[in-house]
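Residue-level structural notes
Spelled out from the first residue to the last, the chains are:
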Amino acid sequence: MDSSLERIESQEIQQINASALAEELQRLVETTGWKFMQEKYNELSYNEEKVDGQTVTNQIAESIGNRIKDMNSALLILKRSVDETFTRMTSSNPYVSKNEACVSHPSYVNPSDLKYPTKDVLEKMMNNHKSIRIIQNQYLGLNSGLVFFYPATKLVGCESYDPRFRPYYVSSTSYKPRDVVVVLDVSTSMMGLKLYEARQAVITVMETLSPEDRIGIVVFNNTAHTPNSCYGEMLVPATRTTKQYLEGFISSVGTSEGSNYAAGLHQVILFVTDGDNTGEDNPLEVIREKNSQLQNRVVIHTYGVGTGLSSHVRELLRNMSTQVLNKESFGSIRNGSCTIIQDLKGSSLREAMGMYYNSTGIPISQIPTYTLPYKDFISKEFVISGCLPIGHKGQFIGVVCADIRLSELVSEITYLQRGQHSYAFIIDGKERTLVHPLFPDPRDAYTKSYDVNNIYNFETSGDVEQVITSMKKKVTVFVGQSGHKLLQTTMIESRGDRLRDGDLSSTIDALYTWTPINVRGSNLSLCVVMEWNGTIKTLKTLSPKKGDFLYHRWDLTKWPTVACRHFNRYATKEKTTIKFTGDAYESIYSYINAKETEAEVHLYEQYISGVIQSNPGFKKSAINSIRATSPIEHFWRIGSRHGSQLIWRYVMTEAGIERIYPGVRLPDDYDHKLRPWYRKTLSQKTVNVVSPPYEDLGGMGRVITLSRTILIGRNNGKGEAVVGADLSVYFLHQILLDLYPVCRNRTEFSCIVIDDSGFLVMHPYFTETMNGARNPIHITHKEMRISRSLTSEGILYRQPCRDIENKKEQITFRVKLPPSKTNGITNNAEGYELRPVPMSNLFLILKRRHMQEEIPCCKDPSLPPNEVVCPSDTCLCLCYKRLKFNDCENKYQNKDTAVPCSHEVPKVTSVSASEISKITNLGRCLALNCSCRKTESTLVTSDQRSLPVTLVTSDQRSLQVPVNLVTSDQRSLPVTLVTSDQRSLPVTLVTSDQRSLPVTLVTSNTLIITKHSIYFEHDDEF
């Protein structure tokens, strides 16, 4: 055996006994206030009630239905206004201010053909906006191509935006979804400009269709050709994916041979050609035969292109559109149109084909049509549009529409809190999913556009078909029945970051309760799923205490007179500050996107402190949560061992309360329940949870979160809150050095800490290099030899899940010791040992450093896992595999794939306002004390004088820095040192062994401060 490794196993084995680290983490987590708060919660009394699924379901369905009804009321007001003022519309627009509304039309529309809405329409929009807050946008689209938006917004691509080609517009022109087949002549005579214009026209036709509609494409010369696979076998839903595929097919087609009309006439509505029929079969007879089988339901529009069309061809195209040989006995014949475009430069084939639906027979309905959720091109949020057709003297002239943010429409679902295991989903009458906890969160503005998925891709329980069948069954004018059913189902719970930590799944008995959303024109149905016989525990009412509450908005309330600077944040160390999330409000809908005022914040303060009895809109659970967590403020203020090492301390609750110390302002849309660290802690509620390093939003640099769940009912209870703290990666590194002297021998050994997902929590890479990785780093990227060894031992293993949104199998990892190796392992051949850190989610590894490392099979750790294709089945890295999905039928070809993944956590869209001007002359919140360090270095000037210095950062902020500066590894680190009179002094770094090293002058560094020491974290430029 190698002598070094033998020394690890014999002499140094006690130095890597992971219990020492576990004890230190436990002391730290007690410093956060977890034990203190858990004891306080144990003393509280609770009310317990049984979950009533039927009542909850009816309440949510009614709330959603009322919002849709409010939108419908606004549409009827606009519709009447346009009807009443249409005769007064003119081609001039003298009254509309760009600050009020936006008017646009495509560049190819003749301005003299436009008619602008009157000021009365604008006033109705403004009144709707004030009185019906659920509405995001209102707009009027006219058949001239003009579109009128309110409120004003910056439009992009106005020269090409045509409302007549948008699904919201076209869907209003028919009671039922459309089946559209485009038949395109690709004979040799279509070469060049004709084929180019025809392709653009076909793409425009596809743009008009919504997922409610179906599309098929046939190209023909001497024979007919269709796309490959299912696209050539059936009409497919016009989803984002199918449109992209068919657009690719159209773009790839070239021209050749002649034009056999009959070859293309199987199912047809839009027929495009430029020349004679060279086939032997009579296309009129083919139309009669095929359409008679469909009861003459198919309408045919024909388009002749170019100057080479003979009179015979023109007549044939007209006869095809009117189906002259068809017989009424098979059904009423609906005539189409025949359009001849001779000059493609002077006329628009795109406009002619895109308006295929435009005819005098369009019904002017009083019942709105609703789109499926889509990403709005203006707000970049997911919305649902409701539209009403408008007419004049019985003729269709356009549509009026309004948008609702999906996140606001279903706010009760996204914030549903009815027991530990509960969720809700919404489907339409065709089994398509609008909302589901495994679908992208509607609050996430960064989510890309997605196709609406079949509900069976999410709900996989064997008997759930009975529920779905009842939900989509048509009853009178509404879709869906009401009912309830007990099923055994799989619950998916996030372990933190979906792409990195994966999910937990458990099987429970759940009660499914469903009911339709009763609104005219809607085909939506809601289902709420709750644990069978589940109960809810809520705190009994707590009495108010003076000083319980300081709101985080320093700009809207009076903070303590003594403020301080906590890194780059304006803060107070006299108080904790509190922020609410949506869970704290009785009416979540009224909270979303509401602008807070000083008057509202004053009401918060008076009510919570007991001065007034009128509730400004908070749930009782939120108020009790504020009062229950208030004792921790004194605990944090008086401090304790390691207290100054904890950069931030906070307690955040299931009731929607966020309490932080030192007190600072939090981003307005920050929601802890959507953050990976909070979810990870709740999923491992009985242990201390440590996160991989990440960039602190408060300016601290790279930090680690240490957190623990507060339970109701102790070990087996429900998580009520999470207490946590942030600490520098360098502080944790120093703890390892102090606990395990072998870690100081960096020439021979490496001390590594990983979490139970395999991510590096501590590694030499974090302290010995100056490259700050922005994303968590997995062990497979830095320690491939150990990764392969742990995999062969059955300790590190893959955990796949099915990413329904992106049709991928996403690979994450778990680290778990088998029963035979609960104390860890020592691997002599690979030169490492691994030990579990008790009472935590961590594992400690001691590794021989001179072992040659393998190159990882996924080489770029900066890429998110959903962008890395698995190179092979044996590759160990965070990556994905493509799943076979039938886009035509909206289902997976193989149902025996992994369980569905949870959705990705929404990203925070807002950031804290800059507070630089407020902190320039403030002192630090936390005192710095380096006396506890065993070794430290001192900065002195060249003449041996110790002078106070100022560190000037790259953004020109001056930070007062004490004389004693300590590096984590006694190496010279680049800083910029300037005296108060702006003179630059030669500076020398004196190490503990009395070696003098010069300091390099650089201006792009981040100051990192802990009680033990002051460090500098460097950017990639150094």
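Moving on, we come to helix H20 (residues 631–638). Those residues of H20 not exposed but buried are Ile632, Glu633, Phe635 and Trp636. The buried residues of H20 occupy an angular sector of 165 degrees when projected down its axis, which confines them to one face. Facing away from the buried side of H20 by over 90 degrees, the exposed positions are His634 and Ile638. Lining the buried residues of H20 we find helix H2 (18–31), helix H3 (34–42), helix H19 (620–629), strand E27 (648–653), strand E28 (657–661) and strand E32 (718–728).

Mean pLDDT for the protein: 80, with 81% of residues reaching 70 or above. For the protein, strand E49 (residues 1005–1009) is the element with the lowest average pLDDT, namely 33, and strand E29 (residues 689–690) is the one with the highest, namely 97. Note on residues 1–14: pLDDT is under 50 here. Beyond four places in sequence and across chains, it has 26 contacts. Every residue in residues 928–1022 scores below 50 in pLDDT, and together they form 200 contacts with partners more than four places removed in sequence or on other chains.

Mapped onto the elements, Ser229 comes out in the loop between strand E7 (224–225) and strand E8 (236–237). Overall, Ser229 belongs to the partly exposed group, its relative accessible area being 47%. Here the alpha-carbon distance between Ser229 and Asn886, two residues 657 residues apart in the chain, equals 9.6 Å.

On to the pairing of strand E36 (residues 808–815). Within E36, 8 of the 8 residues are buried, leaving the element largely enclosed by the surrounding structure. Burial along E36 is two-sided: the face carrying Lys808, Gln810, Thr812 and Arg814 and the face carrying Glu809, Ile811, Phe813 and Val815 are both buried. Sheet topology note: the strand E35 (residues 796–803)/E36 ladder contains 8 bridges and is antiparallel. Bridge pairing in E36 places Cys801 opposite Gln810. Counting the residues between successive antiparallel strands, the hairpin from E35 to E36 contains 4 residues, one of them, Lys807, with a positive phi of roughly 60 degrees.

Within this structure, the stated rule accounts for 8 disulfides. Here Cys870 engages in a disulfide with Cys879; their sulfurs sit 2.0 Å apart. Here the disulfide of Cys870 and Cys879 is right-handed, its torsion about the S-S bond being about 95 degrees.

Moving on, we get to the nonpolar core. Within the largest apolar cluster, 75 residues are counted, with the highest numbers of intra-cluster contacts made by Ile754, Leu790 and Leu834. Of the residues forming this core, the biggest block, 7 residues, is contributed by helix H22 (residues 729–739). Within the second largest apolar cluster, 63 residues are counted, among which are Leu142, Ile404, Leu434 and Tyr450.

Let us now look at H3. Inspection of H3 places Trp34, Met37, Gln38 and Tyr41 among the buried residues, and these make up the whole buried set. Down the axis of H3, the sector holding all buried residues measures 100 degrees, keeping them to one side.

Further remarks concern the sheet that holds strand E16 (residues 422–427). In space, the 5 strands of this open sheet follow the order E17-E16-E22-E21-E20, with antiparallel pairing throughout. The two strands at the open ends of the sheet, each matched to only one other strand, are strand E17 (433–435) and strand E20 (483–494). With direction set aside, neighbouring strand axes in the sheet form an average angle of 35 degrees. Sheet topology note: the E20/strand E21 (residues 503–516) ladder contains 12 bridges and is antiparallel. Directly across from Met491, in E21, lies its bridge partner Ser506.

What counts and how
Residues numbered from 1 in each chain as written. Predicted model: local features only at pLDDT ≥ 70, side-chain atom pairs only at ≥ 80, totals over all residues. Heavy atoms only, no water. Buried < 20%, exposed > 50% of the residue type's maximum accessible area, 1.4 Å probe, protein only. Helix = DSSP H or I, 4+ residues; strand = E, 2+ residues; numbered from the N terminus. Arc of directions from axis to C-beta. Contact = heavy atoms within 4.5 Å. pLDDT = per-residue confidence, 0-100. Pairing = 2+ DSSP bridges. Disulfide = S-S within 2.5 Å. Core = buried A, V, L, I, M, F, W, Y, C linked by side-chain atoms within 4.5 Å. Axes fitted to C-alpha atoms, helices over the stretch in contact; angles between N-to-C directions.

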